[in-house]
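# Observations on the three-dimensional arrangement
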Amino acid sequence: MTLTCLLPAAGASSRMRGGDKLMELVEGMPCLALMATRAQSAGMDILVTVPSLDHPRAVALRTKDFHVLGVANATEGMAESLRSGSSAVHPDSDGIMILPPDMPALKTEDLVALMKVFEEDQTRIVQATTEDGVPGHPVIFPRQLLSEFAKLSGDRGAAKIVKNHQQSVVCVKLKGDRARLDLDTPEAWAKWRASLL
């Protein structure tokens with residue numbers, strides 16, 4: 001099985017009040033680079049969308065073997081990242097995992113757990129949930145659904161695709177709330193870091 005992991009990292013990080021959530025240091029490296037590295041360690045090809053190829057986020061990824069894609073119209077919302085990224089998936093890839101890069105509680109073993117379920121039936125959508133069953137991320141989409149990403153718009157991500165194919169969704173429970181824990185404010189980052197102590 002060959003799987004591509006798309007990390008949509010072209011957003012403005014507007015809730016950080018001047019900071020960049022994806023450049024916050026986690027385990028000694030920018031969060032974006034760490035999440036891409038974890039996905040690569042799980043055995044996936046890595047595709048990262050960024051605002052531009054000279055953006056600090058792109059610079060933080062240059063020492064690794066990642067495919068970094070500049071998104072000219074990133075201000076149009078998450079859908080633009082997903083449209084651009086999905087169109088760049090290698091033809092040999094069996095599917096695409098959407099991994100928001102502001103979720104550092106997600107570990108390599110979480111990604112592997114989803115990949116194993118997808119490998120059993122590569123026609124299904126595989127979605128992570130919290131321990132108590134609330135849907136979250138990451139989500140794996142089979143290759144045959146990639147064409148639907150071209151129809152996305154706005155800032156809602158790929159939730160519409162999941163909804164349209166709800167009957168084919170398989171859920172994988174992850175520990176605690178890590179499938180929902182995204183860090184997009186200074187307060188969220190501070191609370192998460194305090195929880196690690």
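Thresholds applied
- Residues numbered from 1 in each chain as written.
- Predicted model: local features only at pLDDT ≥ 70, side-chain atom pairs only at ≥ 80, totals over all residues.
- Heavy atoms only, no water.
- 1 Å grid on protein atoms, 1.4 Å probe; cavity = no way out; pocket = protein on both sides within 12 Å on 5 of 7 lines; lining within 4 Å.
- Points joined across faces, edges and corners; volume = space filled by probe spheres on them.
- Helix = DSSP H or I, 4+ residues; strand = E, 2+ residues; numbered from the N terminus.
- Nonpolar A, V, L, I, M, F, W, Y, C, P; charged D, E, K, R; others polar.
- Core = buried A, V, L, I, M, F, W, Y, C linked by side-chain atoms within 4.5 Å.
- Buried < 20%, exposed > 50% of the residue type's maximum accessible area, 1.4 Å probe, protein only.
- Contact = heavy atoms within 4.5 Å.
- Salt bridge = Lys/Arg side-chain N within 4 Å of Asp/Glu carboxyl O.

Of the voids in this model, the largest pocket is the one considered here, and its volume is about 1100 Å³. Taken together, 38 residues line the largest pocket, and the ones lying closest to its centre are Lys-21, Met-78, Asp-102, Asp-155 and Asp-182. Residue assignment for the lining of the largest pocket shows that the elements contributing at least two residues are helix 3 (78–87), strand 8 (135–142) and helix 5 (159–164). A per-element tally of the lining of the largest pocket places strand 8 first, with five residues. Class assignment of the residues belonging to the lining of the largest pocket gives a composition of 19 nonpolar, ten polar and nine charged. One number sums up the size of the second largest pocket: a volume of about 220 Å³. Lining the second largest pocket, in full, are Pro-104, Ala-105, Lys-107, Asp-177, Leu-181, Asp-182, Leu-183, Ala-188, Lys-191, Trp-192, Ser-195 and Leu-196. Along the lines of polarity and charge, the residues of the lining of the second largest pocket split into seven nonpolar, one polar and four charged.

Backbone torsion omega between His-137 and Pro-138 reads 5°, so that peptide bond is classified as cis. Mapped onto the secondary structure, Pro-138 falls in strand 8. We note that Glu-27 has phi near 55°; this positive angle belongs to a residue other than glycine. Following the sequence through the fold, Glu-27 ends up in the loop between strand 2 (25–26) and strand 3 (29–30).

Attention shifts here to the nonpolar core. Counting residues in hydrophobic clusters, the biggest one holds 40 residues, and the most contacted among them are Leu-7, Met-44 and Ile-46. Among the elements of the structure, strand 1 (3–8), helix 1 (31–41), strand 4 (45–50), helix 4 (108–120), strand 7 (125–129) and helix 6 (186–195) are those that each provide at least two residues to this core. When residues of this core are assigned to their parent elements, the largest contribution, seven residues, is made by helix 1. Excluding residues within four positions of it along the chain, Ile-46 makes contact with Cys-5, Leu-7, Ala-36, Ala-39, Gln-40, Phe-66 and His-67. Of all hydrophobic cores here, the second largest spans 18 residues; its members include Leu-146, Phe-149, Leu-152 and Ala-158.

Counted according to the given criterion, the structure contains seven salt bridges. Here Asp-20 ties to Arg-57 by a salt bridge, and the two come within 2.9 Å at their closest N and O atoms. One end of the pair, Asp-20, is in the loop between strand 1 and strand 2; the other, Arg-57, is in helix 2 (residues 56–59), and 37 residues separate them in sequence. You'll find Asp-20 and Arg-57 in the same group, each marked buried. Across the pair Glu-27 and Lys-107 runs a salt bridge, and its minimum N-O distance is 4.0 Å. Here Glu-27 is found in the loop between strand 2 and strand 3, whereas its partner Lys-107 is found in the loop between strand 6 (95–98) and helix 4, with 80 residues between them in sequence. Through salt bridges with shared partners, one network takes in Glu-27, Arg-38 and Lys-107.

By themselves, these are just geometric observations and shouldn't be taken as functional.
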